[in-house]
Amino acid sequence: MTTTIPTAAIAEPPTKPPPAAPARRGSAPRRRSTPLTITMLAALAYFLLPLFWLLIASTKSTHDLFNSFGLWFSHAPQLLTNIKQTFAQDDGVFVHWLVNTVLYAGVSAVGAALLAAAGGYGFAKFRFRGDRFSFNLVLGAVMVPATALAIPTYLLFAKAGLVNTPWAVILPSLVNPFGLYLMRIYAEDAVPDSLLEAARIDGAGEARIFGTIVLRLLAPGLVTVLLFTLVATWNNYFLPLIMLNDPNLYPVTVGLSSWAAQAQNGGAGSSSEMLALVVTGSLISILPLVVAFLMLQRYWQSGLAAGGVKQ
């Protein structure tokens, strides 16, 4: 006699749980370091605190600069009044200083970037006798401070009759050894040799290859060198100080320094009120640099990354 066992009574073997999906790479919680966070906040405060003080000080009169808390507004802010007085002082000479600074820095930055791109591309893609020695000479020039060359440059330009002209500030700023080094490192990977050979086979000359192909490939590094030179020339003080004698040719740095000297020598007279104008002029002078960095920031960051890491 056979007995039928109900199907429902048969115990099913236990099923294994499905294997857990492997954790994605990068999904682990980020590690946080309190000392590193504190260090970064301290560095941020170190760089932003002077800018914050400059913004606050630009809203004060000379009296309030010395008799109120430096990191907060006074009871009678007068930013617009200070700006109007800055542009109206000495028959509007501050406008001439701004235009001169834009001219010196703009021409120097564009010229230095193009020369650095041409030199870096040449060192990276061409072989000639003495190329290593020449490039090592460029690296040695990076270590020479610009102030050490100011007096010899002045004597050279005095012989050429270029002192007290815009060329006395622009021409020395066109030479950027660090920019040439950066462009050489960048051009080694950014410009493929196969692309250059294809252009030569098609009959393109070297000048046309550089102007239509190479410059486009070097654009991020070109912008990086342009920004470096723009900031260096904009903030340059010693070279224009020894090269220029005409106040109408001064850049902002030298012009504001002359106002500060007048304010300090004026004692309690009316010229001492120029200290507020010096501070306000300093705030106005950094605004174009901030705008330039905000506009070209993405090119600047990509240029630094590509130039500093070889693929």
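Per chain, the residues get numbers from 1 upward, laid out in the order the sequence is written. Only residues with pLDDT of 70 or above have their local features reported here, since the model is predicted, and side-chain atom pairs are shown and tallied only from 80 upward, although totals for entire chains, interfaces and linings are computed over all residues. For side-chain calculations, the full set of non-hydrogen atoms in the structure is used, while hydrogens and water are omitted.

Caption draft 1: Spatial organisation of unusual backbone geometry. At Asp 90, a position not held by glycine, the phi torsion is positive, near 55°. Secondary structure follows DSSP: runs of H or I at least 4 residues long count as helices, runs of E at least 2 residues long count as strands, and numbering of each begins at the N terminus. If you trace the backbone, Asp 90 turns up in the loop between helix H3 (79-88) and helix H4 (93-125). The buried label goes to any residue with under 20% of its type's maximum accessible area, the exposed label to any with over 50%, and the partly exposed label to all in between, with areas taken from a 1.4 Å probe on protein chains only. You can call Asp 90 partly exposed: its relative accessible area is 40%. Phi at Asn 164 is positive, roughly 65°, even though this residue is not glycine. Secondary-structure assignment places Asn 164 in the loop between helix H6 (150-160) and helix H7 (167-173). The class for Asn 164 is partly exposed, based on a relative accessible area of 28%.

Caption draft 2: The arrangement of the layout of surface pockets in detail. Buriedness for pockets is judged along seven lines, at least five of which must meet protein on both sides within 12 Å for an open set on the 1 Å grid over protein atoms alone, while cavities are sets there where a 1.4 Å probe fits but cannot get out, and lining residues have an atom within 4 Å of a point. Grid points are joined across faces, edges and corners, and a volume is the space filled by probe spheres set on the points. In this structure, the largest pocket spans a volume of roughly 720 Å³. Lining the largest pocket we find 22 residues, and of these Ala 146, Pro 172, Ser 173, Val 175 and Pro 177 sit closest to its centre. In terms of residue count, the dominant contributor to the lining of the largest pocket is helix H11 (residues 219-234) (four residues). In this count, Pro and Cys sit with the nonpolar residues alongside Ala, Val, Leu, Ile, Met, Phe, Trp and Tyr, while Asp, Glu, Lys and Arg are called charged and the others, Gly among them, polar. Residue composition of the lining of the largest pocket, by class: 15 nonpolar, seven polar and no charged. What the second largest pocket holds in volume is close to 300 Å³. Taken together, the elements giving at least two residues each to the lining of the second largest pocket come down to helix H1 (34-57) and helix H14 (274-308). The biggest single contributor to the lining of the second largest pocket is H14, with five residues.

Caption draft 3: View of the packing of aromatic side chains. We call Phe, Tyr and Trp rings a pair once their centres come within 6.5 Å, taking the six-membered ring for Trp, and we label the pair stacked below 30 degrees between planes, edge-to-face above 60, and tilted otherwise. Taken as a whole and assessed by the stated rule, the structure comprises twelve aromatic pairs. Judged by centre distance (5.8 Å) and plane angle (35°), the ring pair of Tyr 121 and Phe 210 falls under tilted. Of this pair, Tyr 121 sits in helix H4 while Phe 210 sits in helix H10 (residues 206-217), placing them 89 residues apart in sequence. Across the pair, exposure class does not vary: Tyr 121 and Phe 210 are buried alike. Following the ring pairs from residue to residue traces out a cluster consisting of Phe 87, Phe 94, Trp 97 and Trp 259. The side chain of Arg 184 reaches across the aromatic face of Phe 135, ending 4.2 Å from its centre. For a Lys NZ or an Arg CZ to count as sitting over a ring, it must be within 6 Å of the ring centre and within 35 degrees of the ring normal.

Caption draft 4: Region of the structure containing empty space enclosed by the protein. By the definition in use, this model includes one cavity of 30 Å³ or more. In this model, the largest cavity occupies a volume close to 30 Å³. Lining the largest cavity are Thr 101, Tyr 104, Val 169, Thr 233, Trp 234, Pro 240 and Pro 251. Of all elements in the fold, only H4 and H11 reach the threshold of two or more residues within the lining of the largest cavity. Its residues assigned to classes, the lining of the largest cavity shows five nonpolar, two polar and no charged.

Geometric values such as these leave the question of function open.
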